[in-house]
Amino acid sequence: METYLGEKQQARQWSPYINNGGSCLAVAGDDFAVIASDTRMSLGYSIKTRYSTKYLKITEKCSIVSSGMQADIFTLHKVLKSRAQIYEQKHGKPMSTDAVAKLVSRLLYYRRFFPYYTFNIVAGVDEDGVGCVFSYDAIGTLERVKYSASGSGSSLIEPVLDNQVALKNRNDIKKEEFKLTKEYAIDLVKDAITSAGERDIYTGDFVEISVIDLNGTHEDKFELRFD
Amino acid sequence: MQKGGFNFDLYQRNVELIEKNNYKVPKTTKTGTTIVGVVFSDGVVLGADTRATSGPIVADPNCEKIHKISDYIWCAGAGTAADTENTTGMISLQLELLSLSTGRSPRVRTALTLLKNFLFRYHGYISAALVLGGVDFTGPHLHMIHPHGSTSTLPYISMGSGSLAAMAVLETGYNSKMGEEDAKSLVHQAILSGILNDLGSGGNVDLCVIKHKSMEFFRNVDTTNSKRKFRKKLPYMFKSGSTKILEKEIEEKMRKMEIVNEKESQIEELEEL
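Residues numbered from 1 in each chain as written. Chains lettered and ligands numbered in written order. Predicted model: local features only at pLDDT ≥ 70, side-chain atom pairs only at ≥ 80, totals over all residues. Heavy atoms only, no water.

This part takes up the side chain of S66 of chain A. Residues and elements named next belong to chain A. One can find S66 in strand β6 (residues 62-68). Taking the relative accessible area as the measure of exposure, S66 reaches 0% and is therefore buried. Reaching out from S66, the side chain makes a polar contact with the side chain of N120 at a distance of 2.6 Å. Ignoring sequence-local partners within four residues, the contact set of S66 consists of C24, K54, I73, H77, F119 and N120. (Helix = DSSP H or I, 4+ residues; strand = E, 2+ residues; numbered from the N terminus. Buried < 20%, exposed > 50% of the residue type's maximum accessible area, 1.4 Å probe, protein only. Polar contact = N/O pair within 3.5 Å; in protein donor to acceptor, adjacent residues only side chain to side chain. Contact = heavy atoms within 4.5 Å.)

As a further point, take the interface of chain A and chain B. Often, the extent of an interface is quoted as the loss of accessible area on bringing the components together. Facing 37 residues of chain A, the contacting portion of chain B comprises 41 residues. Roughly 3,400 Å² of surface becomes buried between chain A and chain B when both sides are summed, with 53% attributable to carbon and sulfur atoms. Summed over the shared surface of chain A and chain B, the number is four salt bridges. Of the charged contacts in the structure, one is a salt bridge between K229 of chain B and E223 of chain A, with a shortest N-O distance of 3.1 Å. Scanning the region where chain A abuts chain B turns up 17 residue pairs in polar contact (both at pLDDT 80 or more). (Buried area = accessible area lost by both parts, 1.4 Å probe. Salt bridge = Lys/Arg side-chain N within 4 Å of Asp/Glu carboxyl O.)

With that settled, consider the environment of I64 of chain A. All names here are of chain A. Assignment of secondary structure puts I64 in strand β6. The spatial distance from the C-alpha of I64 to the C-alpha of L25 is 10 Å, given a sequence separation of 39 residues. Apart from residues lying up to four places away in sequence, I64 is in contact with I35, K54, Y55, L56, I58, H77, L80, V104, N120, I121 and V122.

Let us now look at the pairing of strand β12 (residues 216-223) of chain A. Relative to β12 of chain A, strand β11 (residues 206-213) of chain A runs antiparallel, the two being bridged by eight bridges. Paired with V207 of chain A across the strands is F222 of chain A, a residue of β12 of chain A. (Pairing = 2+ DSSP bridges.)

Here you go:
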């Protein structure tokens, strides 16, 4: 059947995947990392729940946030949590952030031919106490970066981080002179996700934000728009 | 030579672009929307949210969805923003010309007929879903108009993606003996329900109360949902030079003014009139 613009409508095929929306981001500093995600779960134009956590604390020094399909996020986090616990009981110490990052990558690639519909970001402090952020695609491609954003609001957040953290397209501050402080990073992350909440209909309600350094993890929550 | 109407010159080209060149059709700005109308003892109340979306992005967080058809006939529109704006605009002009030529004040049912005939001609391709309400010399009227051109006359109406959320409130709270304040409050709650529960609707609440020879437009009557909850303390500072200057060209804007003729007497004449 052809419409007036000549588009051909094909019979719709059932898909096992749905997108529940939401945005996640993380920023790494010299000795800390900030990680945040919103908590809205949507389906189409409806809100299923205003609070559904996308954040998991894996160890005191490492956390993960995921966006995409809530069912797969829940399962991936469940598997990840139990694998981290098994490791800790076997080796007598918690997993290092690098180990967690690699584990997530392997768990995702294990499902190469029926992937988890999740877009993950792992953040924490590594063995040397340096902040790190790891960004993934749906099948586990691993890349260590200074900052990352994923989810429906990622295209709204990433350019802000490009400009404010990596100082891209700026000739007024030199990279050597710029120090990313914890307060600046927290404010920037809060501001960026609030801005995403203004313009993206799938981002809103609440944000879970977490600051990780060598002393441990400090978790916090704040509100976004409800409309 | 075609005078007026729609121009189909590019139709063939568009079909070829899509089929052969894999061209992606650009997204239209839709108004997502919750629009509502309620009849009360003395007139009608129209309500609308203020969010316009382009896919999942908010294109305009505070747009106006309640359009004027005539002084006491107003129309709230849902669907494609360009379609609702231009359809109501066109019919508003036609109605004014008609009322000038007939020497009578316009009726709501006239606007209804003009709108439904226009939309039916385009078989739903003009995606405008409207809630038309007003008070004319025959009394208060409220109608709903679907994009294909069908209409209904009802005491309370909701349309748009948030219509189910709004209708839930209307069905609970409506009674035929409502006064102005009750009706305003009901419409307000219905729009709020759409704003909070529907992702295609959001922003502020707009209300329009029309009574006999009186119209009150409450723009942004409720802004509690559109306030930004967090603002970074330190502003974003970009010192001069942060964007590279490649070329500089300075143009003189102010030219010297020459006094050609002094015409004081002409101004005095105008004041007398």
